[in-house]
Amino acid sequence: MSDELHAEHREGRGQVEATRFWEDHYHRRERVWSGRPNPVLVDVVGGLRPGTALDLGCGEGGDAIWLARQGWRVTAVDVSATALDRAAAGAATAGVADRIDFRQHDLVLAFPPGAFDLVSAQYLHSPIEFPRTRVLQEAASAVTPGGLLLIVDHASVAPGSWAEPEETLAPLDLSPDEWHTERLEARERETTHPNGRLVTHTDNVVAVRRLAR
Ligand SMILES: C[S@@+](CC[C@H](N)C(=O)[O-])C[C@H]1O[C@@H](n2cnc3c(N)ncnc32)[C@H](O)[C@@H]1O
């Protein structure tokens, strides 16, 4: 998670609801994310046959738009209406608006109905109260037989903290009789800080496939 998010959190916003917190976050800048799809998504999903996809915490829609361009039918949810408006505008510009159903949804309160060939949770972190394990278990339940659950996390979500990919997977308690682990790894990624410096980030990647019955 970015230092900026943590700075906002330290300002005393810890107990506000998700909607208010994230609306505030997106309002601070005209554009928060790059608009490009996340590299692990492109790498893991690029070779798959398109089907239905659920993008959890889709932000400004970079992943959803990329998925739609690959032929997926996407349901993309986020708690922030501002992020979703930007995502919908991006989808219209990209000519894929008809392939994406953007929905405002607080995952703390309810999970979107339906079953999907791909459920993707990319950096679904929140500095305010967020029952991540429960939400990710619900994400697993929403995967069709034969489908894939892809979770990409920041290995470090707070200054001084560190997590291994196993710490994301183990609490989901997925039975090996029903799930095959395709990837469980830490990956490095470089970004350029506004000051021009190259920054190396570590991502934890979990890709588990629900066995076809
Ligand atoms: C760190 S951002 C990642 C955004 C996007 N997936 C990406 O990779 O760029 C986390 C996203 O999750 C959303 N989010 C946080 N809490 C949420 C909740 N309770 N319900 C739905 N979305 C939530 C935020 O609005 C934000 O867009």
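The text that follows walks through the structure, step by step, so that each part is easy to find. Predicted model only: the values in this text are computed from it and were never measured.

This part takes up the site of the ligand. Taken together, 21 residues are adjacent to the ligand, and Trp-22, Gly-57, Gly-59, Val-79 and Leu-107 come closest. When its residues are assigned to classes, the shell around the ligand shows eleven nonpolar, eight polar and two charged.

The mixed open sheet is built from seven strands, whose spatial order is 3-2-1-4-5-7-6. In the strand order of this sheet, the two ends are held by strand 3 (100-104) and strand 6 (179-192), each with one partner. Neighbour-to-neighbour, the strand axes of the sheet open up by a mean angle of 15°, direction not taken into account. Relative to strand 2 (residues 73-78), strand 1 (residues 52-56) runs parallel, the two being bridged by five bridges. Each bridged residue has a counterpart across the sheet, and for Asp-55 the counterpart in strand 2 is Ala-76.

Direction vectors running N to C along helix 2 (residues 18-27) and helix 5 (residues 81-94) enclose 50°, while the axes themselves pass 7 Å from each other. In this view, helix 2 runs oblique relative to helix 5, as classed from their interaxial angle. Taken together, the residues of helix 5 that come into contact with helix 2 (itself represented by Glu-23, Tyr-26 and His-27) are Ala-81, Thr-82 and Ala-83. Here the residues of the contact of helix 2 with helix 5 sort into three nonpolar, two polar and one charged.

Calculation notes
- Residues numbered from 1 in each chain as written.
- Predicted model: local features only at pLDDT ≥ 70, side-chain atom pairs only at ≥ 80, totals over all residues.
- Near = placed C-beta within 6 Å.
- Nonpolar A, V, L, I, M, F, W, Y, C, P; charged D, E, K, R; others polar.
- Pairing = 2+ DSSP bridges.
- Helix = DSSP H or I, 4+ residues; strand = E, 2+ residues; numbered from the N terminus.
- Axes fitted to C-alpha atoms, helices over the stretch in contact; angles between N-to-C directions.
- Parallel < 35°, antiparallel > 145°, perpendicular 65-115°, else oblique.
- Contact = placed C-beta atoms within 7 Å.

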